[in-house]
Protein chains: 2
Amino acid sequence: MTRAPLTGESVLDAALTLFAERGYHGTALSEIAGALDVRTPSLYNHMRSKHDLLRTLVERTVTGVLADFRTAVDGRTDPIDRLHHATLVYARRHATHRREAIVVNRDTGSLDEPHRSAMQDLRRAHEHGLREIITDGVRTGRFAVDSPALASFAIREMCVSIARWFRDDGPVGPDQVAREYTEFALTIVGVGRV
Amino acid sequence: MTRAPLTGESVLDAALTLFAERGYHGTALSEIAGALDVRTPSLYNHMRSKHDLLRTLVERTVTGVLADFRTAVDGRTDPIDRLHHATLVYARRHATHRREAIVVNRDTGSLDEPHRSAMQDLRRAHEHGLREIITDGVRTGRFAVDSPALASFAIREMCVSIARWFRDDGPVGPDQVAREYTEFALTIVGVGRV
DNA sequence: CCAGCTAGCTAACGCTCATTCGTCTGGCGA
DNA sequence: TCGCCAGACGAATGAGCGTTAGCTAGCTGG
């Protein structure tokens with residue numbers, strides 16, 4: 001029984017699992033090493049620092065979310081269509097990338113500057129993108145909602161929460177959850193069931 | 001310029017603020033002491049341990065949530081009425097007790113046993129209470145929703161998220177936010193605007 | 001005016017953590 | 001077969017943590 005080879009990716013993956021479970025500050029490098037059946041100093045052959053692990057994980061996830069969003073809404077003009085696809089990919093991602101979502105939401109604030117601000121700017125870009133879809137829809141009369149900001153927050157955080165309860169071996173799959181949550185989102189902005 | 005007297009409550013309050021900002025593991029007792037303009041060991045005249053601070057904060061909040069829920073639904077039988085009031089107090093609490101909500105959601109898992117399990121049981125009691133209202137409403141035909149569990153999660157986490165963006169000096173107050181989110185919740189379960 | 005208690009302080013302890021250094025080994029190319 | 005090199009390791013370092021002990025200033029009640 002030989003162990004899997006130690007690589008930069010395997011270290012990142014173990015860190016991702018443990019950060020999601022116990023938080024960045026609650027996880028010791030010795031625990032990451034233990035999960036890989038290796039002594040702690042060996043990790044340094046495949047990473048720069050503990051902080052760099054977190055930085056890499058957050059950066060990958062946040063840029064991925066933004067890329068997902070852009071490909072989902074690019075080329076679409078109808079606010080209903082744009083919100084539908086934006087929510088679909090966002091909700092789906094939180095079912096398929098649970099650990100990443102938990103770490104980004106809990107531990108982005110633990111990054112040192114200037115990384116923290118850079119990551120928060122990227123997150124805000126997605127936030128504003130979603131909100132603009134809603135304000136657009138309200139302006140053109142497709143949506144009926146009192147405060148676009150409130151609705152946008154509600155929809156976003158509803159999706160984020162999927163990461164907290166979704167189980168791979170549960171009764172519903174990522175696609176079904178994404179569809180149902182997208183329905184919730186559309187009802188929130190006043191669009192009837194599709 | 002004399003400083004405020006050090007009490008058990010003032011220590012808890014400073015801990016609450018810092019735990020909410022940086023997380024339990026990300027906060028040092030020296031920082032709590034610094035916020036109170038006191039040296040670290042002085043804290044021990046007013047607390048048992050750092051862990052005990054977290055335990056007290058979580059316990060107070062979780063029992064408060066459950067008490068709120070019970071007084072909100074007790075005596076009401078109509079599922080719409082019950083869900084309306086349960087969501088109202090739950091949403092409102094997350095606007096008025098932001099720090100508590102953030103700490104409970106992020107750091108309950110950092111409690112040692114048996115406290116962690118005890119607190120999680122209390123949280124689950126609220127979760128099941130809310131879900132039962134929805135299953136009740138579905139059974140009696142007042143609600144139209146595919147999965148009560150999914151709807152219940154979506155509503156709960158939507159409310160929890162209020163704690164993450166609400167600002168006391170913002171344009172909307174706790175009552176208005178609670179009312180709008182309660183509307184969202186009712187539309188999610190298929191009840192038209194009231 | 002003094003005894004005694006409350007509650008702050010300095011100092012120190014033991015522990016854990018992230019990180020570094022130098023050594024050693026096992027596999028690969030020549 | 002021999003030399004080389006990547007990479008895992010033991011040992012050590014220094015910083016920071018939570019916590020304890022013992023001292024002391026200042027207020028309180030007699």
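Quick caveat, the model's predicted, so the values are computed rather than measured.

**Considerations on the overall build of chain A**
Turning to step 1, where the next piece is worked out: Along chain A, the regular secondary structure elements total eight helices and zero strands.
Turning to step 2, where the next piece is worked out: Ordered by position from the N terminus, the helices and strands of chain A form the series α-α-α-α-α-α-α-α.
Turning to step 3, where the next piece is worked out: Per-residue burial for chain A yields a buried fraction of 49% across its 194 residues.
Turning to step 4, where the next piece is worked out: The long-range share in chain A, meaning contacts at least 24 apart out of those at least 6 apart in sequence, stands at 69%.
Turning to step 5, where the next piece is worked out: For chain A, the exposed surface amounts to about 9,200 Å²; the carbon and sulfur share of it is 49%.

**Comments concerning the relation of the copies chain A and chain B**
Turning to step 1, where the next piece is worked out: You can overlay chain A on chain B at an RMSD of 0.0 Å; the transform is a turn of 180° with a shift of 0.0 Å along its axis. Here the transformation between the copies is reduced to the relation of a two-fold axis.
Turning to step 2, where the next piece is worked out: A share of 100% of interface residues in chain A that are also interface residues in chain B marks the association as one of identical surfaces.

**Focus on the side chain of His-126 of chain A**
Residues and elements named next belong to chain A.
Turning to step 1, where the next piece is worked out: Mapped onto the elements of the fold, His-126 is located in helix H6 (residues 115–139).
Turning to step 2, where the next piece is worked out: Residue His-126 is classed as buried on the basis of its relative accessible area, which comes to 4%.
Turning to step 3, where the next piece is worked out: Among the polar contacts listed, one links the side chain of His-126 to the side chain of Arg-156, at a separation of 2.9 Å.
Turning to step 4, where the next piece is worked out: Leaving out residues up to four positions away in the same chain, His-126 has contacts with Val-65, Leu-66, Phe-69, Tyr-90 and Arg-156.

**Examining the nonpolar core**
Turning to step 1, where the next piece is worked out: Residues Tyr-181 of chain A together with Tyr-181 and Ile-188 of chain B are the most contacted members of the largest nonpolar core, which totals 70 residues.
Turning to step 2, where the next piece is worked out: Discounting residues that sit within four places of it in the chain, Tyr-181 of chain A has contacts with Thr-87, Ala-91, Met-158, Cys-159, Ser-161, Ile-162 and Trp-165 of chain A together with Leu-150, Phe-153 and Ala-154 of chain B.
Turning to step 3, where the next piece is worked out: With 28 residues, the next largest nonpolar core counts Val-11, Ala-20, Met-47 and Val-104 of chain A among its residues.

**Things to note about the packing of helix H3 (residues 50–73) of chain A against H6 of chain A**
All names here are of chain A.
Turning to step 1, where the next piece is worked out: For the pair H3 and H6, interaxial distance at closest approach is 10 Å and the crossing angle is 20°. As far as their axial angle goes, H6 and H3 are roughly parallel. In the packing of H3 onto H6, the handedness of the crossing is left-handed. Along its contact with H3, which presents His-51, Arg-55, Val-58, Glu-59, Val-62, Thr-63, Val-65, Leu-66, Phe-69 and Val-73, the element H6 presents His-115, Met-119, Leu-122, Arg-123, Ala-125, His-126, Gly-129, Leu-130 and Ile-133.
Turning to step 2, where the next piece is worked out: Residue composition of the contact of H3 with H6, by class: eleven nonpolar, five polar and three charged.

**Regarding the domain arrangement of chain A**
Residue and element names in this part refer to chain A.
Turning to step 1, where the next piece is worked out: Domains assigned within chain A are domain 1 (8–45) and domain 2 (53–188).
Turning to step 2, where the next piece is worked out: On a C-alpha basis, the centres of domain 1 and domain 2 stand 27 Å from each other.
Turning to step 3, where the next piece is worked out: Opposite the 16 residues of domain 1 that make contact, domain 2 presents twelve residues.
Turning to step 4, where the next piece is worked out: Summed over both sides, the interface of domain 1 with domain 2 buries roughly 1,200 Å², with 69% coming from carbon and sulfur.
Turning to step 5, where the next piece is worked out: On the domain 1 side of the contact with domain 2, Leu-12, Leu-16 and Tyr-24 bury the most area, a combined 46% of that side's loss.
Turning to step 6, where the next piece is worked out: Our enumeration of links across domain 1 and domain 2 arrives at two salt bridges.
Turning to step 7, where the next piece is worked out: A salt bridge links Arg-60 to Glu-9; its shortest N-O distance comes to 2.7 Å.
Turning to step 8, where the next piece is worked out: Scanning the region where domain 1 abuts domain 2 turns up six residue pairs in polar contact (both at pLDDT 80 or more).
Turning to step 9, where the next piece is worked out: Counting residues per element, the ones that place at least two in the side of domain 1 that touches domain 2 are helix H1 (8–22) and helix H2 (29–35).
Turning to step 10, where the next piece is worked out: Counting residues per element, the side of domain 1 that touches domain 2 draws most heavily on H1, at eleven residues.
Turning to step 11, where the next piece is worked out: Of the residues belonging to the side of domain 1 that touches domain 2, the class tally is nine nonpolar, three polar and four charged.

**Structural notes on the protein's contact with DNA strand D**
Turning to step 1, where the next piece is worked out: In the region of DNA strand D, 16 residues are neighbours, and Arg-39, Ser-42 and His-46 of chain A together with Leu-29 and Tyr-44 of chain B sit closest.
Turning to step 2, where the next piece is worked out: Counting only the atoms of DNA strand D within 4 Å of the protein, the fraction contributed by sugar and phosphate is 74%.
Turning to step 3, where the next piece is worked out: The contact in question runs from a base nitrogen of DNA strand D to an N or O atom on the side chain of Asn-45 of chain A, over 3.1 Å.
Turning to step 4, where the next piece is worked out: Within the backbone of Lys-50 of chain B, a nitrogen or oxygen atom sits 3.0 Å from a phosphate oxygen of DNA strand D.

**Examining the protein's contact with DNA strand C**
Turning to step 1, where the next piece is worked out: Around DNA strand C, the structure places 16 residues, and the nearest of them are Leu-29 and Tyr-44 of chain A together with Arg-39, Ser-42 and His-46 of chain B.
Turning to step 2, where the next piece is worked out: Of everything in DNA strand C that lies within 4 Å of the protein, sugar and phosphate atoms constitute 71%.
Turning to step 3, where the next piece is worked out: In the environment of DNA strand C, a phosphate oxygen lies 2.7 Å from a nitrogen or oxygen atom belonging to the side chain of Tyr-44 of chain A.
Turning to step 4, where the next piece is worked out: Considering only residue class, the surface near DNA strand C consists of seven nonpolar, six polar and three charged.

**A short note on the interface of chain A and chain B**
Turning to step 1, where the next piece is worked out: Across the boundary between the two partners, chain A contributes 24 residues, which contact 24 residues of chain B.
Turning to step 2, where the next piece is worked out: Summed over the shared surface of chain A and chain B, the number is two salt bridges.
Turning to step 3, where the next piece is worked out: Between chain A and chain B we count three residue pairs in polar contact (both at pLDDT 80 or more) in total.
Turning to step 4, where the next piece is worked out: Secondary-structure elements contributing two or more residues to the side of chain A that touches chain B are helix H7 (148–165) and helix H8 (174–188) of chain A.
Turning to step 5, where the next piece is worked out: Sorting elements by how many residues they give to the side of chain A that touches chain B places H7 of chain A first, with nine residues.
Turning to step 6, where the next piece is worked out: Residue composition of the side of chain A that touches chain B, by class: 13 nonpolar, five polar and six charged.

What counts as what
Residues numbered from 1 in each chain as written. Chains lettered and ligands numbered in written order. Predicted model: local features only at pLDDT ≥ 70, side-chain atom pairs only at ≥ 80, totals over all residues. Heavy atoms only, no water. Helix = DSSP H or I, 4+ residues; strand = E, 2+ residues; numbered from the N terminus. Buried < 20%, exposed > 50% of the residue type's maximum accessible area, 1.4 Å probe, protein only. Contact = heavy atoms within 4.5 Å. Areas by Shrake-Rupley, 256 points an atom, 1.4 Å probe, with all protein chains shown as cover. Least-squares fit on C-alpha atoms with pLDDT ≥ 70 in both. Polar contact = N/O pair within 3.5 Å; in protein donor to acceptor, adjacent residues only side chain to side chain. Core = buried A, V, L, I, M, F, W, Y, C linked by side-chain atoms within 4.5 Å. Axes fitted to C-alpha atoms, helices over the stretch in contact; angles between N-to-C directions. Parallel < 35°, antiparallel > 145°, perpendicular 65-115°, else oblique. Left-handed = near helix turned anticlockwise from the far one by under 90°. Nonpolar A, V, L, I, M, F, W, Y, C, P; charged D, E, K, R; others polar. Domains from an automatic or database assignment. Buried area = accessible area lost by both parts, 1.4 Å probe. Salt bridge = Lys/Arg side-chain N within 4 Å of Asp/Glu carboxyl O. Near = heavy atom within 4 Å.

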